[in-house]
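Structural overview
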Amino acid sequence: TFPSWRLSVLKALAGAAGVPLVKITNENAFAGALPRKCKTPAIKATDSPSTWISEFGAVCRHLGIFLDTDLYPSFHNLPFSNERATQIDQWIDYSVNNLDNNYALPLVGQLTKGYDSAAFDDLVKGVRAELSLLELHLKSRTWLAGNAMTLADVVAASTVKYLFEHVLEGGKRKSLPSITRWFETCLSQP
């Protein structure tokens, strides 16, 4: 199942970019256009109507280019844009690979399909260790990449929101003051 927090990000980005988001299933006529079987939301590439872009990070990046914001760099100033895009991409990949795939998705399984106390406790310990790296990074920064909110913050905050609501509620966040400050700053943005 595609995580609800990821779907919320994609719907918001697609709406802001004016690009339709399509749920890909193996039964769809265009599923063969994808590089592999998947059931993730996808978008058609604007420069090639027969090409579909799938996978969460790639769709986020593609949509980010079309937004009239600073969430993802345009490519007018290529050397600066490449460096900035790389920093943003690094944090999107961190969120998807380290937070979502390693911890948030298994926690969803624990909370919805079958609870195992020892496995749950191990996941919570692991997510705390993973978040300690993010805490250290945010200790001296307001944003993940650069001096303004970017797509990296949007993607990471969506996962952190899930973790805060289901695993690290209230007092369990005391050891994460920088993440809590950053998260609240993200939520206060228009």
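Since the model is a prediction, treat every value here as computed from it, not as a measurement. (Residues numbered from 1 in each chain as written. Predicted model: local features only at pLDDT ≥ 70, side-chain atom pairs only at ≥ 80, totals over all residues. Heavy atoms only, no water.)

1. Notes on the overall build of the protein chain
- In terms of helices and strands, the protein chain carries six helices and three strands.
- Traced from its N-terminal end to its C-terminal end, the protein chain shows the element sequence α-β-β-β-α-α-α-α-α.
- The buried share among the 190 residues of the protein chain stands at 45%.
- Excluding contacts between residues fewer than 6 apart, the proportion of contacts in the protein chain whose partners are at least 24 apart in sequence is 55%.
- When the accessible surface of the protein chain is totalled, it reaches about 10000 Å², and 54% of it is carbon and sulfur. (Helix = DSSP H or I, 4+ residues; strand = E, 2+ residues; numbered from the N terminus. Buried < 20%, exposed > 50% of the residue type's maximum accessible area, 1.4 Å probe, protein only. Contact = heavy atoms within 4.5 Å. Areas by Shrake-Rupley, 256 points an atom, 1.4 Å probe, with all protein chains shown as cover.)

2. Some words on the packing of aromatic side chains
- As enumerated under the stated definition, the model contains four aromatic pairs in all.
- With centroids separated by 5.4 Å and ring planes inclined at 50 degrees, the aromatic side chains of Tyr115 and Phe120 adopt a geometry described as tilted.
- On the basis of relative accessibility, which here comes to 12%, the residue Phe120 falls in the buried class.
- Measuring from centroid to centroid gives 5.2 Å for Phe164 and Phe183, while their planes differ by 70 degrees, and the two rings are edge-to-face. On the criterion of sequence distance, the pair formed by Phe164 in helix 5 (residues 151-166) and Phe183 in helix 6 (residues 177-187) is long-range, its members being 19 residues apart.
- When the ring centre of Phe56 is taken as reference, the NZ or CZ atom of Arg6 above it lies at 5.4 Å. (Phe/Tyr/Trp six-rings, centres within 6.5 Å; stacked < 30°, edge-to-face > 60°. Lys NZ or Arg CZ within 6 Å of the ring centre and 35° of its normal.)

3. As for the pattern of salt bridges
- With the rule as written, the count across this model stands at four salt bridges.
- Lys161 is paired through a salt bridge with Glu165; the nearest N and O atoms lie 2.7 Å apart. With Lys161 and Glu165 both in helix 5 and four residues apart, the pair spans about one turn of that helix.
- A residue is classified by how much of its surface remains accessible, and Lys161, at 37% relative accessible area, is partly exposed.
- Residue Glu165 is classed as partly exposed on the basis of its relative accessible area, which comes to 46%.
- Through salt bridges with shared partners, a single network forms among Arg61, Asp89 and Asp93. (Salt bridge = Lys/Arg side-chain N within 4 Å of Asp/Glu carboxyl O.)

4. Thoughts on helix 2 (residues 56-66)
- Of all 11 residues in helix 2, eight are buried; the element is thus mostly enclosed.
- All buried positions along helix 2 are accounted for by Phe56, Gly57, Val59, Cys60, Arg61, His62, Leu63 and Gly64.

5. Some thoughts on the side chain of Ser178
- Among the secondary structure elements, Ser178 is positioned in helix 6.
- Leaving out residues up to four positions away in the same chain, Ser178 has contacts with Glu135, Leu138 and Lys139.

6. Considering the environment of Pro73
- Turning to its location among the elements, Pro73 is positioned in the loop between helix 2 and helix 3 (78-112).
- For Pro73, a relative accessible area of 8% gives the class buried.
- Along the sequence, Pro73 and Ile88 sit 15 residues apart, while their C-alpha atoms lie 9.2 Å from each other.

7. A short note on the nonpolar core
- Cys60, Leu131, Leu134, Leu144, Leu151, Ile179 and Trp182 are the most contacted members of the largest nonpolar core, which has 52 residues in total.
- Among the secondary structure elements, those contributing two or more residues to this core are helix 1 (4-17), helix 2, helix 3, helix 4 (117-138), helix 5 and helix 6.
- With 10 residues, the single largest contributor to this core is helix 3.
- When residues no more than four places from it in sequence are discounted, the contact partners of Cys60 are Val9, Leu10, Leu13, Leu151 and Val155. (Core = buried A, V, L, I, M, F, W, Y, C linked by side-chain atoms within 4.5 Å.)

8. As for the side chain of Arg6
- With respect to the secondary-structure elements, Arg6 resides in helix 1.
- Not counting residues up to four positions away in its chain, the partners in contact with Arg6 are Phe56, Val96, Asp100, Asn101 and Leu105.

9. Notes on the environment of Trp5
- The topology assignment puts Trp5 in helix 1.
- Taking relative accessible area as the criterion, Trp5 reaches 7% and is therefore assigned buried.
- Not counting the four nearest positions on each side in its chain, Trp5 is found in contact with Asp100, Ala104, Leu105, Val108, Ser158, Thr159 and Tyr162.
- Within the structure, the side chain of Trp5 is placed 3.1 Å from the side chain of Asp100, a separation counted as a polar contact.
- A polar contact is formed between the side chain of Trp5 and the side chain of Thr159, at a distance of 3.3 Å. (Polar contact = N/O pair within 3.5 Å; in protein donor to acceptor, adjacent residues only side chain to side chain.)

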